[in-house]
Amino acid sequence: MLKLMKLENKKFKIFGCLKGVIIANLIILGFLSMILYASNANKEIAFSTYNDVFLYTGIFVRATFSIFAAVLISRLIIGEYTSRTINVLFTYPINRKNIMVAKLAIVLIFTFTTMVISSLFLSFSLFLLNMFTNAIQDSLTADILIKNLINIIVYSIAFAFVSLIPVYVGMRKKSGSATIITSVILVSLLNSGNKGNSLSSIIIIPIILAIIGAIASYLSIKDIEKVDVINS
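Keep in mind that this is a model prediction, so the values were computed, not measured. (Residues numbered from 1 in each chain as written. Predicted model: local features only at pLDDT ≥ 70, side-chain atom pairs only at ≥ 80, totals over all residues. Heavy atoms only, no water.)

1. A short note on the overall build of the protein chain
- Scanning the protein chain from terminus to terminus reveals nine helices and two strands.
- Shown N-terminal to C-terminal, the secondary structure of the protein chain runs as helices and strands in the order α-α-α-α-α-α-α-α-β-β-α.
- Counting only C-alpha atoms and orienting by the principal axes, one finds that the protein chain spans roughly 65 × 30 × 30 Å.
- Counting all 232 residues of the protein chain, 45% fall into the buried class.
- Sequence-distant contacts, at least 24 apart, represent 84% of the contacts inside the protein chain between residues at least 6 apart.
- Per element, the accessible surface of the protein chain, about 12,300 Å² overall, is 69% carbon and sulfur.
- Charge centroids of the protein chain, computed over 20 positive and 9 negative side chains, lie 9 Å from each other. (Helix = DSSP H or I, 4+ residues; strand = E, 2+ residues; numbered from the N terminus. Buried < 20%, exposed > 50% of the residue type's maximum accessible area, 1.4 Å probe, protein only. Contact = heavy atoms within 4.5 Å. Areas by Shrake-Rupley, 256 points an atom, 1.4 Å probe, with all protein chains shown as cover. Lys, Arg positive; Asp, Glu negative; His and termini not counted. Charge placed at Lys NZ, Arg CZ, Asp CG, Glu CD.)

2. Considering the packing of helix 5 (residues 96–133) against helix 6 (residues 142–162)
- Where helix 5 meets helix 6, the closest approach of the two axes is 9 Å, and the angle between their N-to-C directions is 150°. By the criterion of interaxial angle, the relationship of helix 5 to helix 6 is roughly antiparallel. At the point where helix 5 passes helix 6, the crossing takes the right-handed sense. For the pair formed by helix 5 and helix 6, the contact residues are L108, T111, F112, M115, V116, S119 and L120 on the first element and L149, I152, I153, S156, I157, F159, A160 and F161 on the second.
- By residue class, the composition of the contact of helix 5 with helix 6 is twelve nonpolar, three polar and no charged. (Axes fitted to C-alpha atoms, helices over the stretch in contact; angles between N-to-C directions. Parallel < 35°, antiparallel > 145°, perpendicular 65-115°, else oblique. Left-handed = near helix turned anticlockwise from the far one by under 90°. Nonpolar A, V, L, I, M, F, W, Y, C, P; charged D, E, K, R; others polar.)

3. Some thoughts on the side chain of S163
- Locating S163 in the fold gives a position in the loop between helix 6 and helix 7 (165–173).
- Given the relative accessible area of 4%, S163 is considered buried.
- Within the structure, the side chain of S163 is placed 2.7 Å from the backbone oxygen of F159, a separation counted as a polar contact.
- Residue contacts for S163: discarding those within four places in its chain leaves S66, A69, I73 and T111. (Polar contact = N/O pair within 3.5 Å; in protein donor to acceptor, adjacent residues only side chain to side chain.)

4. With respect to the pattern of salt bridges
- Under the defined criterion, the tally for this structure stands at one salt bridge.
- The partner of K103 in a salt bridge is E80, with the nearest N and O atoms 2.7 Å apart. Here K103, found in helix 5, pairs with E80, found in helix 3 (residues 50–82); they are 23 residues apart in sequence, far enough to count as distant.
- Judged by relative accessible area, K103 falls into the buried class, the value being 0%.
- Exposure remark for E80: the relative accessible area of 2% places this residue in the buried category. (Salt bridge = Lys/Arg side-chain N within 4 Å of Asp/Glu carboxyl O.)

5. A short note on the confidence of the model for the protein chain
- Across the protein chain, the average pLDDT comes to 85, with 91% of residues at 70 or higher.
- Across the protein chain, the secondary-structure element scoring lowest on mean pLDDT is strand 1 (residues 193–194), at 68, and the one scoring highest is helix 6, at 94. (pLDDT = per-residue confidence, 0-100.)

6. Focus: empty space enclosed by the protein
- Counted according to the given criterion, the structure contains one cavity of 30 Å³ or more.
- A volume near 50 Å³ is recorded for the largest cavity.
- Taken together, the elements giving at least two residues each to the lining of the largest cavity come down to helix 6 and helix 8 (176–191).
- Broken down by element, the residue count for the lining of the largest cavity peaks at four residues, all from helix 8.
- Along the lines of polarity and charge, the residues of the lining of the largest cavity split into six nonpolar, three polar and no charged. (1 Å grid on protein atoms, 1.4 Å probe; cavity = no way out; pocket = protein on both sides within 12 Å on 5 of 7 lines; lining within 4 Å. Points joined across faces, edges and corners; volume = space filled by probe spheres on them.)

Here you go:
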């Protein structure tokens, strides 16, 4: 499995996506920094506590990299079908399911890793920024840090699997656009709300959707050995 993942990474240059990840983080940081500076200048409270900082960075990160995952799915899986290069891949003496599982594993690992690292980077950056603006009067205690680190890991795992739901739609339609649109709709539904109150803030909902994501990805590949790729 690791060999297949390495071959897929070499083929699609997954690490090349890191540039996009960095740019996305800088854009999010710039946006959050403007909110922090504007609230400080107008004497309004944007983030009253560090829990708010972790909450809003988490929302932005999960929304951004769920869509990143859909783009990756389009490249790794759906794009191979639309370009017919999957025909060549399936002629190799390798179990088709193993190939697809390797692709899905890359998406899962990439999504989880980028969500965790991005959440930590953005939260730490805002902490440093607050040392100069003093916009957040709250103190960052060990309890707050530990609680939010656990939340980051739990939510990142959940949303990594939620990000697999578009696989099912993409495989049925054989369309990269359908995959990305499905992801955008999911992100919009989960993150719409006021003052951080959204469906994604109710942890049971991302967990249920994560289970649906795992089931959807299984259903997408369970009959892969029987499918005639040429006529699909």
